[in-house]
Amino acid sequence: GQPVTIFGDGEQKRAPSYVGDVVPALMKMGFEPEAIGQVINKGGAKEYSILQMAITTVDAFERVAGCKARHGMRMEPERSCEVKNAWCSVEKSQRLLGYEDKTSLEVMCERIVRWAYSVAPNGVEPRYLQFFEIEKKARGKFVADMGILGGGGLVIKPPVEGGDAWGGGGAF
């Protein structure tokens, strides 16, 4: 195994959502007249620090596996183009679609770990996904096309004609 890697101080905030909470609202979107033509966020209603999510995930692993995680956590320097805090407003999805973010972080992590254990009970060899690396893959294009500002702010520019939301023609 590998240690859980945390970039920066771990105090970055995210609001994860459990797929079982999101799917009913997604399905309802296709049948709710008020949702037609609307941009509707679905996501976690509660934010957590990256460090808190990592600790909760390791705890879930230890409960499911019945043993201590061998490698712990590793802190790395922050990545300059990573947003410090990111989550969406879910009020519209709650109002129009009856969306409920009801699965706690603890339950979500345990369900994910149980699923992973059922798929690969002996684990899998960790692999580094180069095409997801934010510093190497997204940095130049993301900074240029999305206009990263100092202080962690973003100015979102429209996509390039014929490109994707990242301003390019290929997958991120």
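Each chain carries its own residue numbering, running from 1 in the direction its sequence is written. The model is predicted, so local features are restricted to residues of pLDDT at least 70 and side-chain atom pairs to those at 80 or more, both for listing and for counting; the totals for chains, interfaces and linings are taken over all residues. Based on all heavy atoms of the structure, the side-chain values leave hydrogens and waters out of the count.

Regarding its fold elements, the protein presents five helices and five strands. Sequence-ordered secondary structure for the protein, helices as α and strands as β, is β-β-α-β-α-β-β-α-α-α. Think of it in three bands: residues with accessible area under 20% of the maximum for their type are buried, residues over 50% are exposed, and the middle band is partly exposed, with areas taken using a 1.4 Å probe on protein chains only. When burial is assessed residue by residue, the protein has 26% of its 172 residues classed as buried. When checking whether two residues touch, look at their non-hydrogen atoms; a contact exists if any pair is within 4.5 Å. Across the protein, every contact between residues at least 6 apart in sequence was considered, and the portion connecting residues at least 24 apart equals 80%. In short, Shrake-Rupley with a 1.4 Å probe defines the accessible areas, and a residue's cover is counted only from the protein chains shown. For the protein, the exposed surface amounts to about 11400 Å²; the carbon and sulfur share of it is 58%. Strands here are runs of E lasting at least two residues and helices are runs of H or I lasting at least four, both read from the DSSP assignment and numbered beginning at the N terminus.

The next point concerns the packing of aromatic side chains. Each Phe, Tyr or Trp ring, with Trp reduced to its six-membered ring, pairs with another whose centre is within 6.5 Å; inter-plane angles below 30 degrees give stacked pairs, above 60 give edge-to-face pairs, and intermediate values give tilted ones. Per the stated rule, a full pass over the model turns up zero aromatic pairs. For a lysine, the NZ atom is tested; for an arginine, the CZ atom; a charge sits over a ring if that atom is within 6 Å of the ring centre and within 35 degrees of the ring normal. Over the ring of Phe-7 we find Arg-79; its NZ or CZ atom is 4.0 Å from the centre of that ring.

Looking only at helix H1 (residues 19–29), the buried set comprises Asp-21, Val-22 and Ala-25. For H1, the angular spread of the buried residues around the axis is 85°, confining them to a single face. Exposed side chains of H1 directed beyond 90 degrees from the buried face belong to Val-19 and Met-27. Each C-beta atom gives one direction from the helix axis, and the arc is the one those directions make.

Let's shift gears to a nonpolar patch on the surface. Only residues above 30% relative accessible area that lack a salt bridge enter a patch, with like-charged residues linked at up to 9 Å and the nonpolar side chains Val, Leu, Ile, Met, Phe, Trp and Tyr linked at up to 5 Å. Any Lys or Arg side-chain nitrogen located within 4 Å of an Asp or Glu carboxyl oxygen qualifies as a salt bridge. A grouping of Val-19, Val-23, Leu-26 and Met-27 is seen on the molecular surface, where their side chains present a nonpolar patch of about 360 Å² in accessible area. A relative accessible area of 55% means that Val-19 is categorised as exposed.

Among the nonpolar cores identified, the biggest contains eight residues, and these are Val-22, Ala-25, Ala-35, Ile-40, Val-90, Leu-96, Leu-97 and Tyr-99. Elements represented by at least two residues in this core include exactly H1 and helix H3 (91–97). In contact with Ala-25, other than residues within four places in its own chain, are Lys-42, Leu-97 and Tyr-99. Core analysis: the next-biggest nonpolar cluster, separate from the first, contains seven residues, Tyr-48, Ala-60, Val-64 and Cys-109 among them. The definition of a nonpolar core used throughout is a set of buried Ala, Val, Leu, Ile, Met, Phe, Trp, Tyr and Cys residues joined through side-chain atoms within 4.5 Å.

On to the confidence of the model for the protein. As a per-residue measure, pLDDT tells how confident the predictor is, with possible values from 0 to 100. Across the protein, the average pLDDT comes to 78, with 72% of residues at or above 70. Low pLDDT (under 50) marks residues 146–172, which in the prediction has 36 contacts with non-local residues, meaning those over four places away or in another chain.

We now examine the sheet that holds strand E5 (residues 85–86). By this definition, two strands are paired if DSSP reports at least two bridges between them. Taken together, three strands build an open sheet; the order of strands is E3-E2-E5 and the sheet is mixed. Unpaired on one side and paired on the other, strand E3 (48–49) and E5 mark the two borders of the sheet.

For the rest of this paragraph, the subject is the packing of helix H2 (residues 50–65) against helix H4 (residues 105–119). When two helices pack together, their arrangement is given by the angle between the helix axes and the distance between those axes. Here, axes are lines fitted to C-alpha atoms. For helices the fit covers the stretch in contact, and angles between N-to-C directions go from 0 to 180 degrees. Remark: H2 packs on H4, axes separated minimally by 8 Å, with the N-to-C direction vectors making an angle of 50°. Relative to H4, the element H2 lies oblique. Remark: the crossing between H2 and H4 carries right-handed chirality. Facing H2, whose interface residues are Gln-52, Met-53, Thr-56, Thr-57, Ala-60, Phe-61, Arg-63 and Val-64, H4 presents Leu-105, Glu-106, Cys-109, Glu-110, Val-113, Arg-114 and Tyr-117. An angle below 35 degrees is read as roughly parallel, one above 145 as roughly antiparallel, one from 65 to 115 as roughly perpendicular, and any other as oblique. By convention the crossing between two helices is left-handed if the near helix lies anticlockwise of the far one by an angle smaller than a right angle, and right-handed if it lies clockwise.

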